[in-house]
Amino acid sequence: LPTQFQSAKIILQRIQQAGFEAYFVGGCVRDTLLNVPLHDVDIATSAYPQEVKQIFKKTIDTGIEHGTVTVMDHGRAYEITTFRTESTYQDFRRPDKVEFVRSLAEDLKRRDLTINALAMNLNGTVIDMFTGLSDLQNKVIRAVGNPKERYHEDALRMMRTVRFASKLDFKIEERTLAAIQTNAKLLEKIAVERIHVEWAKLMLGKNPQRGLNAFLKTKLYQFCPLFFDKEKLLQKLLELPSFTLETEEGAWTLFFFLGNFSDRRAAKLLKAWKSSNDLISTIYKTLHILRLEEEGPLSAWDEYLAGLNCLLYANEAASILGKGQSIAAITQRYMQLPIKNKHELAINGSDLIRFLGIKPGPFVGQILDQLERNVVLGELSNERKILLQAAVAVQNHLE
Ligand code: ATP
Ligand code: MG
């Protein structure tokens, strides 16, 4: 049994002692067999949620209506999901109602890809009902069962398929790919937020160009928000030397910069993808940084305004475009800035009001802004006395 599963062993044993079946399933089995680190261990069982809750002292109803109960054991959390089928599909979306069943085979059948439909028992024996093992071996992404039917049941699976091609750098099997090609339009039925999650994972995969190639070829992109006319841009991504990305911010920055997006158009597209305001304002900054860098080295003020994270996101994109710098150098320069934000300034607004005898108002802010800039640029040292002195000169100058 792989080491990552060792601590979960006791959980499976307890379920079995109560007279039920229990297995490791899905992504954790796949990743274990691929020898890549896993983030979570999923357990599937023939016990119904109420039965699981009777076996363990401490449980949380994580998604009990879908059959998932979290068991706490020695400070660790394990997600335990009852075997289930998803038989009543409407509207090409995953059904909200699921039916609990006692058979592992039924549960594996409803899964999306053969490599995701593997189970492992306590002895480390793999239960492989759909060529999952040989597909892993041969690096193939294949839908479980009839691909067309599976995509009709849940159109998000098409995005998941191209996402896994990128994530693992696997080839999509022909019939599976053809089924996406003929059913791509069904993606319109899927909530944008869910498409967004898969897109981000696609971009952060081991070989994003492989996923992007399928995304283009199958025309899935045409059914993503404001992507219908982005064929050329996606093609441009494919023509870059092979790359990998660490962050979603880096991915969007690359996308928009390569596509010559204005800030406004970039924000509009991100909104359409239901992005957070955080992501949108970050991308504003990273695009600004990249454009400034076209004109020459950044000033300390530019770096200060951007913040370290945005500098690094911008650098992710710049590196792929052959204009990257070392992360260490960027970080070091940033760390050497005299202050990192306004609050680190040795004086504040009330100091100015008292010392200069002026009234509160925008004028105070203007003086502070000027001093902040001087400090960041190293023109004034960040000391109370020096700043108050300088404030007098700034006041006279502004008046
Ligand atoms: P990741 O490492 O990205 O989390 P994962 O395989 O664990 O990969 P999840 O989205 O966490 O992916 O899903 C867990 C498992 O549930 C999958 O391995 C698959 O068996 C099944 N699954 C998830 N989404 C679907 C879907 N839309 N249709 C069918 N099965 C799905
Ligand atoms: Mg997972």
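Residues numbered from 1 in each chain as written. Chains lettered and ligands numbered in written order. Predicted model: local features only at pLDDT ≥ 70, side-chain atom pairs only at ≥ 80, totals over all residues.

Stated formally: UniProt positions are given in the numbering used here, feature names are shortened, and annotations may be inferred rather than shown by experiment.
The name given to the protein chain in an unreviewed UniProt entry is CCA-adding enzyme, and the organism recorded there is Liquorilactobacillus oeni DSM 19972. UniProt's Subunit (unreviewed entry) comment on the protein chain is quoted here verbatim: "Homodimer."

### Observations regarding the site of ligand 1
Here is the rule we go by: Nearness rests on one distance test: the residue's C-beta atom, set from the backbone, must lie within 6 Å of the molecule or strand. The way it works is that DSSP assigns letters per residue, a run of H or I at least four long becomes a helix, a run of E at least two long becomes a strand, and they are numbered from the N terminus. In this classification, Asp, Glu, Lys and Arg are treated as charged, Ala, Val, Leu, Ile, Met, Phe, Trp, Tyr, Cys and Pro as nonpolar, and every other residue, Gly included, as polar. Note: domain ranges come from an automatic or database domain assignment.
With respect to spatial proximity, eleven residues lie near ligand 1, and among them Gly26, Gly27, Arg111, Asp112 and Asn116 are the closest. Here the shell around ligand 1 gets three residues from one element, more than from any other, and that element is helix α8 (residues 156–168). Its residues assigned to classes, the shell around ligand 1 shows two nonpolar, three polar and six charged. Residue contributions to the shell around ligand 1 reach at least three from each of two domains, namely domain 1 (1–132) and domain 2 (139–241).

### What to know about the sheet that holds strand β4 (residues 68–73)
Short version of the rule: Pairing between strands is defined by DSSP: at least two bridges between them are needed. Lines fitted to the C-alpha atoms define the axes, with helices restricted to the stretch that makes contact. Angles between their N-to-C directions range from 0 to 180 degrees.
Strand order in the open sheet made by the seven strands is β3-β4-β5-β2-β1-β8-β9, with mixed pairing throughout. At either margin of the open sheet sits one strand with a lone partner, and together these are β3 (59–63) and β9 (126–128). Looking at each pair of strands side by side, their axes are set apart by 35° on average, direction ignored. Taken together, the four bridges between strand β2 (residues 42–45) and strand β5 (residues 76–82) define a ladder with parallel strand orientation. Residue Asp42 lies in a different strand from β5, and its bridge partner there is Glu79.

### Considering the environment of Leu108
Short version of the rule: Three exposure classes are used. Buried residues have 20 or more other C-beta atoms within 10 Å of their own C-beta, exposed residues have 12 or fewer, and partly exposed residues fall in between, all C-beta atoms being placed from the backbone. Contact between two residues is assigned whenever their backbone-derived C-beta positions fall within 7 Å.
Among the structural elements, Leu108 can be located in helix α5 (residues 104–109). Exposure remark for Leu108: the 24 C-beta atoms within 10 Å place this residue in the buried category. In this structure, the C-alpha to C-alpha distance between Leu108 and Lys219, residues 111 residues apart in sequence, is 29 Å. With residues up to four places along the chain from it excluded, the contact list for Leu108 reads Ala117, Ala119 and Met129.

### Some remarks on the nonpolar core
Which entries qualify depends on this criterion: For this entry, the nonpolar core is defined as buried Ala, Val, Leu, Ile, Met, Phe, Trp, Tyr and Cys residues connected by C-beta atoms within 7 Å.
Formed by 88 residues in total, the largest nonpolar core has its most connected members in Phe24, Ile43, Ala119, Leu187 and Leu220. Ile347, Leu352, Leu371 and Leu380 belong to the second-largest nonpolar core, a separate cluster that totals 13 residues.

### Details of the packing of helix α11 (residues 208–217) against helix α12 (residues 231–239)
Cut-off, in case you're wondering: In what follows, roughly perpendicular refers to angles from 65 to 115 degrees, roughly parallel to angles under 35, roughly antiparallel to angles over 145, and oblique to any angle outside these ranges. Crossing handedness is read from the near helix: turned anticlockwise from the far helix by less than a right angle, it gives a left-handed crossing, and turned clockwise, a right-handed one.
Direction vectors running N to C along α11 and α12 enclose 150°, while the axes themselves pass 9 Å from each other. Between α11 and α12, the angle falls in the class roughly antiparallel. Of the two possible hands of crossing, α11 and α12 adopt the one that is left-handed. Contacts between α11 and α12 involve Gln209, Leu212, Asn213 and Leu216 from the former and Glu231, Leu234, Gln235, Leu237 and Leu238 from the latter. Looking at side-chain class alone, the contact of α11 with α12 contains five nonpolar, three polar and one charged residues.

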